[in-house]
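# Coordinate analysis (summary)
So you can see what is in the structure, the chains are spelled out below.
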Amino acid sequence: MATLTWKVGGAQGEGIDSTGDIFATTLNRLGYYLFAYRHFMSLIKGGHTNYKVRVADHPVGYHGDDLDILIAFDQRTIDENAHELTEDSVLIYDSGKLKSPVIPDGVKLCPVPVTNMAKDLGSPIMKNMVAGGVSAAIVGLSADAFDSLIEERFGKKGESMVQSNKAAVRAGFEFAMERYGVLKQLPNPQPAEDGGGHLFLSGNEAVGLGALAAGCRFLAAYPITPATEIMYTALAHFPKYGGKVLQAEDEIAACIMAIGANYAGVRAMTSTSGPGLSLMQEAIGLAGISETPLVIVDVMRGGPGTGLPTKTEQSDLNELVYGSHGEIPRIVLTPSTVEECFYYTAKAFNLAEKYQCPVIVATDLYLGMSKQSVPVGAIDFEKVTIDRGELISEEELLALGPGEYRRYAVTESGISKRSIPGQKYGRFVAMSNEHDEGANEEIEDPETRVQQMAKRMRKLDAFDPSALGVEYDGSETTELTLVGFGSTRAQIGEAVKQLRENGVKVGHLQIKVVKPFPDAMVKRYLSGAERILVVENNATGQLAELIRARVGFHNKIQSCLKFSGDPFTVEEILAHCKLEQEVGM
Amino acid sequence: MATMKDFRTKNKPTWCPGCGDFTVLAALQKAVVELGLEPEQVALVSGIGCSGKISQYFNSYGFHSLHGRSLPMATGVKLANQDLTVIAAGGDGDGYGIGMGHFVHTVRRNIDITYIVMDNHIYGLTTGQTSPTSERGFRSKTSPQGAAEEPVKAVETAIVNGASFVAQAFSGDVKQMTQIFKEAISHQGFALVNCFSPCVTFNKVNTYEWFKEKLVNVDELEEYQPEDADRALRVLAETKGTVTGILYKQKRPVYHEVMSGASDVAAAKLDLRLPKEEQQALLQSFR
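Residues numbered from 1 in each chain as written. Chains lettered and ligands numbered in written order. Predicted model: local features only at pLDDT ≥ 70, side-chain atom pairs only at ≥ 80, totals over all residues. Heavy atoms only, no water.

The name given to chain B in an unreviewed UniProt entry is 2-oxoacid:ferredoxin oxidoreductase subunit beta, and the organism recorded there is Polycladomyces subterraneus.

Per an unreviewed UniProt entry, chain A is named 2-oxoacid:acceptor oxidoreductase subunit alpha, and its organism is Polycladomyces subterraneus.

## What to know about the sheet that holds strand 16 (residues 470-473) of chain A
Two pairing modes exist for strands in a sheet, parallel and antiparallel, and in both the strands are linked by backbone hydrogen bonds. Residue and element names in this part refer to chain A. The line we're drawing: A pair of strands is considered paired only if DSSP assigns at least 2 bridges between the two. A run of H or I in DSSP becomes a helix once it reaches four residues, and a run of E becomes a strand once it reaches two; helices and strands are each numbered from the N terminus. Helix axes use the C-alpha atoms of the stretch in contact, all axes being lines fitted to C-alpha atoms, and the angles between their N-to-C directions lie in the range 0 to 180 degrees.
Taking strand neighbours across the sheet as the criterion, the five strands line up as 16-18-17-20-21 in an open arrangement whose pairing is mixed. The sheet is open, and its two edges are formed by strand 16 and strand 21 (557-561), each paired on a single side. When strand polarity is set aside, the average angle formed by the axes of neighbouring strands in this sheet is 20 degrees. The pairing of strand 17 (residues 478-485) with strand 20 (residues 529-536) spans five bridges and is classified as parallel. What sits directly across from L482, in strand 20, is L533.

## Section: the UniProt feature "domain: Thiamine pyrophosphate enzyme TPP-binding" (unreviewed entry) in chain B
Formally: UniProt positions are given in the numbering used here, feature names are shortened, and annotations may be inferred rather than shown by experiment.
According to UniProt, the positions carrying the feature "domain: Thiamine pyrophosphate enzyme TPP-binding" (unreviewed entry) are residues 48-195 of chain B. Segment residues 48-195 of chain B splits into 35% helix and 22% strand. End C-alpha atoms: 17 Å apart.

## A few points about the UniProt feature "domain: Pyruvate/ketoisovalerate oxidoreductase catalytic" (unreviewed entry) in chain A
In the UniProt entry, the feature "domain: Pyruvate/ketoisovalerate oxidoreductase catalytic" (unreviewed entry) is given for residues 13-174 of chain A. Annotated as residues 13-174 of chain A, this span is 40% helix and 24% strand, and its ends, taken at the C-alpha atoms, are 27 Å apart.

## Describing the interface of chain B and chain A
To keep things clear, this is the line we draw: We call two residues in contact whenever any of their non-hydrogen atoms come within 4.5 Å of each other. Values labelled buried area give the accessible surface lost by two parts on being combined, using a 1.4 Å probe and summing over both. Within this document, salt bridges are pairs made up of a side-chain nitrogen of Lys or Arg and a carboxyl oxygen of Asp or Glu, the two lying within 4 Å of each other. Under the rule applied, a polar contact is a pair of N or O atoms within 3.5 Å (in protein, one hydrogen donor and one hydrogen acceptor; residues adjacent in sequence only if both atoms are side-chain atoms). Residue classes follow a fixed rule: Ala, Val, Leu, Ile, Met, Phe, Trp, Tyr, Cys and Pro count as nonpolar, while Asp, Glu, Lys and Arg count as charged, and any other residue, Gly among them, counts as polar.
Contact residues are listed per partner, giving 53 residues for chain B and 74 residues for chain A. The junction of chain B with chain A conceals about 5,200 Å² of combined surface from both sides, 60% of it contributed by carbon and sulfur atoms. Looking only at chain B, the three residues that lose the most surface to chain A are Y61, F286 and R287 of chain B, adding up to 17% of its buried area. For the pair chain B and chain A, the interface holds six salt bridges. Across the salt bridge formed by K424 of chain A and E40 of chain B, the nearest N and O atoms sit 3.8 Å from each other. At the boundary of chain B with chain A, the tally comes to 34 residue pairs in polar contact (both at pLDDT 80 or more). For the side of chain B that touches chain A, a count of residues per class yields 23 nonpolar, 20 polar and ten charged. Two elements, strand 15 (residues 429-431) of chain A and strand 2 (residues 61-64) of chain B, share three bridges in a ladder whose sense is parallel. Bridge pairing links A430 of chain A to F63 of chain B in strand 2 of chain B.

## Topic: the side chain of H58 of chain A
Note that H58 of chain A resides in the loop between strand 3 (46-56) and strand 4 (67-72). Ignoring anything within four residues of it in the chain, the contact list for H58 of chain A reads M1, A2, T3 and Y33 of chain A.

## Quick notes on the pairing of strand 3 of chain A
Residues and elements named next belong to chain A. Quick note on the threshold: Residue burial is assigned from relative accessible area. The probe radius is 1.4 Å, only protein chains are included, and a residue is buried under 20% of its type maximum, exposed over 50%, and partly exposed in between.
Judged by how many residues are buried, strand 3 sits mostly within the fold: nine of eleven residues are covered. Strand direction decides the pairing type here: strand 2 (residues 33-39) and strand 3, joined by seven bridges, are antiparallel. Looking at the pairing, A36 lines up with V53 of strand 3. In this structure, the hairpin formed by strand 2 and strand 3 is closed by a connection of six residues.

## Some words on the packing of aromatic side chains
Convention followed: Two rings from Phe, Tyr or Trp (for Trp, the six-membered ring) form a pair when their centres sit within 6.5 Å of each other. Planes less than 30 degrees apart are called stacked, planes more than 60 degrees apart edge-to-face, and all others tilted.
Applying the stated rule across the entire model yields 24 aromatic pairs over all chains. Measuring from ring centre to ring centre gives 6.1 Å for F428 of chain A and Y61 of chain B, while their planes differ by 80 degrees; the resulting arrangement is edge-to-face. In this pair, F428 of chain A is assigned in the loop between helix 14 (394-400) and strand 15 and Y61 of chain B in strand 2, connecting two distinct chains. Look at Y61 of chain B and you get buried, because its relative accessible area is 0%.

## A word on the packing of helix 18 (residues 519-527) of chain A against helix 19 (residues 542-551) of chain A
All names here are of chain A. For clarity, the cut-off: Roughly parallel means an angle under 35 degrees; roughly antiparallel, over 145; roughly perpendicular, 65 to 115; everything else is oblique.
Look at helix 18 against helix 19: their axes get within 10 Å of each other, and the N-to-C directions meet at 100 degrees. By the criterion of interaxial angle, the relationship of helix 18 to helix 19 is roughly perpendicular. Contacts between helix 18 and helix 19 involve D519, V522, K523 and L526 from the first element and I547, R550 and V551 from the second. Each residue belonging to the contact of helix 18 with helix 19 can be placed in one class, and the counts come to four nonpolar, no polar and three charged.

## Some thoughts on the side chain of T488 of chain A
Residue and element names in this part refer to chain A. Relative to the helices and strands, T488 resides in the loop between strand 17 and helix 17 (489-501). Relative accessible area serves as the criterion here: at 1%, T488 is assigned to the buried category. Within the structure, T488 has its side chain in polar contact with the backbone oxygen of F485 (distance 3.3 Å). The residues contacting T488, other than those within four sequence positions of it, are Q314, V535, N537 and F568.

## Some details on helix 19 of chain A
Structurally, the α-helix is built with 3.6 residues per turn, so residues lying three or four positions apart point the same way. Along helix 19 of chain A, the positions that sit buried rather than exposed are Q542, L543, A544, L546, I547 and V551 of chain A. Once helix 19 of chain A finishes, G552 of chain A follows within two positions and takes phi at roughly 95 degrees, a positive value.

## With respect to the sheet that holds strand 2 of chain B
Reading across the sheet, the nine strands line up as 15(A)-2(B)-1(B)-3(B)-4(B)-8(B)-7(B)-10(B)-9(B) and stay open at both edges, with mixed pairing between neighbours. Looking at which strands have only one partner, the edges of the open sheet turn out to be strand 15 of chain A together with strand 9 (216-217) of chain B.

## Regarding the pattern of salt bridges
All names here are of chain A. In this structure the tally under the stated criterion is 45 salt bridges over all chains. A salt bridge links E84 to K52; the nearest nitrogen and oxygen atoms lie 3.1 Å apart. One end of the pair, E84, is in the loop between helix 2 (75-81) and strand 5 (85-94); the other, K52, is in strand 3, and 32 residues separate them in sequence. K52 matches E84 in its accessibility class, with the two residues each being buried. A salt bridge links K184 to D68; the shortest N-O distance between them is 4.0 Å. On the criterion of sequence distance, the pair formed by K184 in the loop between helix 6 (159-179) and strand 7 (199-202) and D68 in strand 4 is long-range, its members being 116 residues apart. This pair shows no difference in class: K184 is buried, exactly as D68 is. Connected through salt bridges with shared partners, the residues R267, E353, R388 and R418 form a single ionic network.

## Section: the environment of K512 of chain A
All names here are of chain A. Considering the arrangement of structural elements, one finds K512 in the loop between strand 18 (506-511) and strand 19 (513-515). Owing to a relative accessible area of 5%, K512 belongs among the buried residues under this scheme. In sequence terms K512 and L333 are 179 residues apart; their C-alpha atoms lie 5.8 Å from each other. K512 has contacts with V332, L333, T334, S336, E340, Y344, L468, G469, E471 and R489, leaving out every residue within four places of it along the chain. At a separation of 2.5 Å, a polar atom in the side chain of K512 contacts the side chain of E471.

## Overview of the pairing of strand 2 of chain B
A regular strand places its side chains on the two faces of the sheet in alternate fashion. All names here are of chain B. Side-chain alternation along strand 2 places Y61 and F63 on one buried face and G62 and H64 on a second face that is also buried. Pairing analysis gives four bridges linking strand 1 (residues 42-46) to strand 2, with the strands arranged parallel. Looking across to strand 2, one finds that L44 is bridged to G62.

## Some points on the confidence of the model for chain B
Filter applied, for reference: The pLDDT score gives, residue by residue, the confidence of the prediction method on a 0 to 100 scale.
With 100% of its residues at a pLDDT of at least 70, chain B reaches an overall mean of 97. Two summary scores accompany this predicted model of the complex, namely pTM at 0.97 and ipTM at 0.98.

## Observations regarding helix 17 of chain A
Residues and elements named next belong to chain A. Heads up, the rule is: Each helix should span, by expectation, one fewer than its residue count multiplied by 1.5 Å.
An ideal rise of 1.5 Å per residue puts 18 Å on 13 residues; helix 17 measures up with 18 Å between its terminal C-alpha atoms. If you check which residues of helix 17 are buried, you get R489, A490, Q491, I492, A495, V496 and L499. Where helix 17 ends, the next residue or the one after it, G503, has phi of about 85 degrees, a positive value.

## Some points on unusual backbone geometry
In this model, T225 of chain A is joined to P226 of chain A through a cis peptide bond whose omega is 0 degrees. Tracing the sequence through the fold places P226 of chain A in the loop between strand 8 (216-221) and helix 8 (228-237). Going from G303 of chain A to P304 of chain A, the amide bond is cis rather than trans, its omega being -5 degrees. Examined against the element boundaries, P304 of chain A turns out to sit in the loop between strand 11 (294-300) and helix 11 (317-322). Although it is not a glycine, Q356 of chain A adopts a positive phi angle of roughly 50 degrees. Mapped onto the elements of the fold, Q356 of chain A is located in the loop between helix 12 (338-355) and strand 13 (358-364). Positive phi, normally seen in glycine, also occurs at H121 of chain B, with a value near 60 degrees. Secondary-structure assignment places H121 of chain B in the loop between strand 4 (114-119) and strand 5 (122-123). For H121 of chain B, a relative accessible area of 6% puts it in the buried group.

Written out as structure tokens, the structure reads:
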């Protein structure tokens with residue numbers, strides 16, 4: 001299980017992202033498994049940004065606690081990332097710019113005048129490529145490793161651009177080879193079955209592809225970090241198949257448009273993050289009472305208010321589970337990997353149409369914006385089924401005749417057959433007001449109210465969240481069981497592995513549906529645990545609270561919380577396990 | 001061929017006797033019949049308030065949505081299925097208060113829908129508060145000293161933001177209103193019809209008589225050309241907005257024909273499965 005971690009950092013606007021992207025994409029194509037995490041600030045130029053890549057010989061869902069190689073274009077990069085450096089780390093810094101950098105003890109230094117070298121080659125912006133060449137040399141890649149990607153990325157800008165970038169890579173490569181040689185070993189590549197690299201994509205991209213695979217052909221959204229990439233993915237791929245993408249004036253409009261489009265028969269969605277989700281709460285209630293299918297993706301970020309727009313958090317949970325006025329049936333899915341982002345989004349459309357209610361897919365910045373390598377077959381459009389739920393047929397409507405179809409007919413399942421505008425004799429008015437079976441307003445009649453309310457509230461009785469909602473790794477009884485949802489999965493998994501290596505009997509429960517809550521399964525897996533540690537990126541322990549409310553175990557549950565904006569490290573989770581152990585129960 | 005009866009429902013309107021909304025409903029039913037539309041081809045999206053109840057009384061597909069949200073709802077419906085005739089309807093509070101942002105953006109996009117605003121200068125269903133179109137000095141439960149604000153100039157706003165069809169009608173003139181509805185629905189693009197629809201219960205100022213006295217019909221103006229935006233704005237200024245007829249129209253690209261993903265086939269009628277070779281190519285682009 002070999003890994004190598006690499007990071008490049010500097011001021012925003014210096015091309016850090018593209019440097020990281022070229023390095024990562026190249027390694028992915030060579031058959032390595034990667035996890036690439038972007039750290040950035042809510043500004044355009046200046047500040048600090050970095051791009052970290054963890055390279056492994058097996059799939060990884062976490063960027064790693066430490067750093068093997070850090071490339072720093074400025075002192076701030078060294079300062080902000082020093083905590084990840086170890087005695088084995090290599091620090092490459094711009095020796096032309098940083099004359100006497102403050103360096104942590106014990107780190108191996110590789111000064112390279114990257115900016116000056118780039119200037120000599122024609123443009124200081126190419127320092128990124130020089131740094132790429134230095135990286136290639138140090139990890140034992142060849143000088144031409146990035147050539148094909150440079151041709152792809154810069155080809156449109158002309159041949160001279162391609163040549164100068166290649167020359168910059170070679171300059172960096174030769175400089176480093178001569179002075180430092182190979183300092184770090186890459187793990188063994190694991191080529192995909194077809195010989196090429198693995199798929200390399202973010203959770204947001206996987207959400208977009210999952211929607212496309214499920215037949216979603218309408219997305220309305222308002223730009224918001226970290227969810228905008230979903231709109232970009234839709235823009236890149238929906239229109240080719242007649243799918244419509246609209247940038248709305250606000251999240252209220254975006255969500256209402258998605259409801260209107262679903263009502264009119266297309267599979268439609270909206271994507272947003274915390275503040276946008278708050279604006280959509282009114283519309284979520286509308287989808288609930290009008291029984292209109294709706295898919296929302298919430299890519300959580302640091303809150304409240306506009307909070308930490310470019311940092312990760314899992315603090316929308318209460319809003320997802322309880323938000324909107326009144327009471328409505330809803331489903332909230334919390335995928336935990338890029339593959340799950342694909343399949344759970346696809347599944348959301350089936351659930352929304354089957355149960356005619358809002359379905360929210362909740363991820364966060366860390367899962368949404370980090371790119372991961374996944375095996376080629378792991379994302380498969382053919383595995384996505386399309387089930388449009390209870391639609392009334394033309395024949396059934398003709399047999400009923402004019403005025404006889406009842407959109408909100410009270411059924412045992414709570415689900416009534418849906419007609420689509422354009423169908424003869426299928427006329428109905430989707431209702432925001434309380435109504436009777438025929439979609440007529442009868443808001444003063446308590447009997448009808450109770451009947452319709454009860455009908456809506458029982459429609460999810462048939463939905464079994466445990467089927468896709470719970471994954472447990474461990475034995476029937478444990479000393480300690482770690483519980484998490486969403487993006488913390490990989491770190492919890494690595495912590496569990498290390499604990500087991502140290503002889504601790506530990507379990508890992510991953511919750512992937514939070515509404516309706518998989519009570520029975522959670523109860524089953526937690527009942528054998530001596531101690532339960534709920535790991536979540538928020539300040540108040542919302543998941544722990546939900547578990548207490550739904551299944552109990554009050555005296556066994558402790559929280560491991562982080563709300564700094566950064567994802568958990570494995571070390572932090574382990575420290576918490578130890579801490580709790582010493583304190584005892 | 002559908003008749004008036006086909007566009008009626010068995011629901012008896014709960015509007016107050018004499019409410020202007022009755023004639024809006026009748027004119028709309030007449031207009032769609034005369035245009036040869038069938039009930040299943042039409043979707044009427046309404047907001048909340050007295051005016052929002054119109055979807056209960058008009059026999060077509062419909063969505064009785066939320067206060068101020070009829071336009072994004074109608075937008076979603078139209079973009080999902082451009083083959084439908086989509087009409088949005090609501091009141092002045094609904095459309096020009098809470099819905100004002102959506103209004104301007106729907107105008108800008110030129111969504112191919114007809115938007116009927118039943119403008120009574122007051123909030124009716126919440127029992128008589130000042131509305132965005134109430135005149136300055138208007139006294140109501142929420143402006144006992146008289147409204148301090150200028151009224152919203154919705155029609156002018158539509159024109160200056162690029163509306164492709166702008167008209168005003170009056171509940172006291174069903175004939176003109178029907179004709180305007182027919183032209184608005186036939187128009188390719190966003191068509192606003194602001195209908196003066198008196199509230200007989202709460203608005204004792206802007207009554208039928210008040211409107212009859214003030215209203216100027218552009219059809220009776222000398223050489224009025226609805227293609228001239230400057231003239232339209234001038235007439236609106238001169239009459240303080242109390243003017244009826246088709247005030248302005250222009251040809252503009254319709255949103256669903258130029259948006260990202262524009263297609264001759266309605267989104268709701270597309271094949272949902274991607275061909276296998278397309279799936280492969282798509283995934284390949286993520287390597």
